[in-house]
Amino acid sequence: MKIWQEEWKPLAVIVAVFILCFYLPVEAIQNSERLRNAFFESLYLVRWYAQEHVLLCLIPAFFIAGAIAVFISQDAVMKYLGAKANKILAYGVASVSGTILAVCSCTVLPLFAGIYRMGAGLGPATAFLYSGPAINVLAIILTARILGLQLGIARAVGAIVFSIVIGLAMDFIFRKEELEKIEAQGSLPEPEVTRPLWQNALFFAVMVGILIFANWAQPDTTVGLWASIYAIKWWITGVLALALALILVFWLDIPAAKVVLIAGVTLVLALQFPQEPLIAFTVGVVGLSWLTSTTKGEAQEWFISSWDFAKQILPLLLMGVLVAGALLGRPGQEALIPSEWVTQAVGGNSLLSNFVASFAGAFMYFATLTEVPILQGLIGSGMGEGPALALLLAGPALSLPNMLVIRNIMGTKKTVVFVLLVVVMATISGIVYGVFFG
């Protein structure tokens, strides 16, 4: 009997899966239009996610996160964001860092994982995780322009303030673990500085620039600054890629011949297929992976660190997107949960409507800036302004795919508390906004 003390769990899983397969209601699924739609919506959403986000958003973010782990000293992270850093400085930096990053909730995950594993305090790290996707400049401008200046300002202020509140709450709730982290950090030796600060700053600026301009969204108008930038975004991305190539040669000691080979092939493909920039971008990414993985030293460490993040995060995100698509579908498409249920539940400014908006926003997946047109449609269908703000503050910061990844990074207990804090704070903000401005 002793053997079953250890083996009953896998046996229970096998039996449960067998019973599910044995009684699988294939006919009911085949004859149910909603179940069929849910199945295909999950596939449509994961295909769209792979096409629009993996190459242009996630892979650059993985390289940035890997670079944080390799090129940023632990002492530098702890100085500004560490558990024993100055609280005002730590939360100030964490709460506004996302203004320069045009990232969605999935793209910010590798960056969060990078700074958290490098020694950033739980409070500042979760403040960055929460505020990053919500306060990038493009999101605030688009919110103010389409949904109104008042809501745009409320979103920006709410995201910054609540990121600090949520971070402080996380730090307080798990203060015992944070004290242990402070003690551990105090015993670490002083790290050796191998590269000037300005070089690291320029290196990260180039990579962040590639991430931003490669994902620069097409504006509604064909005139103005945003339209002008969109028209030349791939030229800007190309110049930044050239700068990255020079950094690879002169600072990371990657052989110039290899870099020239990859740069030449990428340039030829960019000129040959100007209407399909993903082709050249993909070759550039593969080339960068080859260059860094085959060059010993810092370059190889950079690739290994980036690959570790990709292995841990990407499968969970894709799994989460599949589930989110099956439950909620794409905007304007039906899945298991009817869209009218959400619309009917978030009218007015009651406690329930704000909670439902926060809860739905926490589980739905929002790509960069897509929350604005979705909310525009919901407001047009009767959604209250309080619940609209609640969804804006909960949606970009969380999603079902994110929860799977965050749990893998900082554990189940911390993830549950973080999600609850986001939902509660978003609900409160919606109620307050609805009372004064709704």
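A few points on the structure.

About the thresholds
- Residues numbered from 1 in each chain as written.
- Predicted model: local features only at pLDDT ≥ 70, side-chain atom pairs only at ≥ 80, totals over all residues.
- Heavy atoms only, no water.
- Helix = DSSP H or I, 4+ residues; strand = E, 2+ residues; numbered from the N terminus.
- Buried < 20%, exposed > 50% of the residue type's maximum accessible area, 1.4 Å probe, protein only.
- Contact = heavy atoms within 4.5 Å.
- Areas by Shrake-Rupley, 256 points an atom, 1.4 Å probe, with all protein chains shown as cover.
- Patch = residues over 30% accessible without salt bridge, like charges linked within 9 Å, V, L, I, M, F, W, Y side chains within 5 Å.
- Salt bridge = Lys/Arg side-chain N within 4 Å of Asp/Glu carboxyl O.
- Phe/Tyr/Trp six-rings, centres within 6.5 Å; stacked < 30°, edge-to-face > 60°.
- Lys NZ or Arg CZ within 6 Å of the ring centre and 35° of its normal.
- Axes fitted to C-alpha atoms, helices over the stretch in contact; angles between N-to-C directions.
- Parallel < 35°, antiparallel > 145°, perpendicular 65-115°, else oblique.
- Nonpolar A, V, L, I, M, F, W, Y, C, P; charged D, E, K, R; others polar.

### Considerations on the overall build of the protein chain
Alright, step 1. When you go through the protein chain residue by residue, the secondary structure sums to 22 helices and zero strands.
Alright, step 2. Taken over 438 residues, the protein chain has a buried fraction of 47%.
Alright, step 3. Taking the contacts inside the protein chain whose residues are at least 6 apart along the sequence as the reference set, 80% of them involve residues at least 24 apart.
Alright, step 4. When the accessible surface of the protein chain is totalled, it reaches about 21600 Å², and 70% of it is carbon and sulfur.

### Structural notes on the side chain of Ser-305
Alright, step 1. The residue Ser-305 is located in helix α16 (residues 298–328) in this model.
Alright, step 2. For Ser-305, the contacting residues outside a window of four places in its chain are Gly-66, Ala-69 and Val-70.

### Comments concerning a nonpolar patch on the surface
Alright, step 1. A surface patch of nonpolar side chains, about 1000 Å² in accessible area, is lined by Leu-35, Phe-39, Phe-40, Leu-43, Tyr-44, Met-319, Leu-322, Val-323, Leu-327, Leu-336, Ile-337 and Trp-341.
Alright, step 2. If you list the elements that add at least two residues to the nonpolar patch, you get α3 (33–71) and α16.
Alright, step 3. In this fold, Met-319 is placed in helix α16.
Alright, step 4. Owing to a relative accessible area of 45%, Met-319 belongs among the partly exposed residues under this scheme.

### Considerations on the side chain of Ser-358
Alright, step 1. With respect to the helices and strands, Ser-358 occurs in helix α18 (residues 351–363).
Alright, step 2. Apart from the residues within four sequence positions on either side, Ser-358 is in contact with Ala-390, Ala-394, Val-423, Ala-426 and Thr-427.

### Some details on the pattern of salt bridges
Alright, step 1. In total, this model carries two salt bridges according to the counting rule given.
Alright, step 2. Its salt-bridge partner being Lys-311, residue Asp-308 comes within 3.6 Å of it at the nearest N-O pair. Note that Asp-308 and Lys-311 are positioned in helix α16 at a spacing of three residues, about one turn of the helix.
Alright, step 3. According to the relative accessible area criterion, Asp-308 is partly exposed, its value standing at 32%.
Alright, step 4. Since its relative accessible area comes to 46%, Lys-311 is described here as partly exposed.

### Let's talk about helix α7 (residues 122–131)
Alright, step 1. Across the ten residues that make up α7, a large majority, ten, are buried.
Alright, step 2. When we look at burial in α7, the residues that qualify are Leu-122, Gly-123, Pro-124, Ala-125, Thr-126, Ala-127, Phe-128, Leu-129, Tyr-130 and Ser-131.

### Things to note about the packing of aromatic side chains
Alright, step 1. Taken as a whole, this structure holds twelve aromatic pairs when the rule is applied.
Alright, step 2. Here the aromatic rings of Phe-71 and Phe-203 are separated by 5.2 Å at their centres, their planes lie at 90°, and the arrangement is edge-to-face. Residue Phe-71 is located in helix α3, and its partner Phe-203 is located in helix α11 (residues 197–214); the two are separated by 132 residues in the primary sequence.
Alright, step 3. Note on Phe-213 and Trp-216: the rings are 5.7 Å apart at their centroids and 10° apart in plane angle, and the pair reads as stacked.
Alright, step 4. Through successive ring pairs, a cluster of aromatic residues spans Phe-63, Phe-71, Phe-203, Phe-204 and Trp-302.
Alright, step 5. Of note, Lys-258 hangs over the ring of Trp-290, and the distance from its end group to the ring centre comes to 5.2 Å.
Alright, step 6. One residue, Lys-414, lies across the ring of Phe-174, its end atom 5.8 Å from the ring centre.

### Here we look at the packing of helix α6 (residues 108–117) against helix α21 (residues 400–410)
Alright, step 1. Interaxial distance between α6 and α21 falls to 11 Å at its minimum, and their mutual angle equals 10°. It follows that α6 is roughly parallel to α21 by the angle criterion. Within the contact between the two elements, α6 uses Leu-109, Phe-112, Ala-113, Tyr-116 and Arg-117 and α21 uses Asn-402, Val-405, Ile-406, Asn-408, Ile-409 and Met-410.
Alright, step 2. Tallied by class, the residues present in the contact of α6 with α21 amount to eight nonpolar, two polar and one charged.

Function cannot be read off these values alone, since they describe shape.
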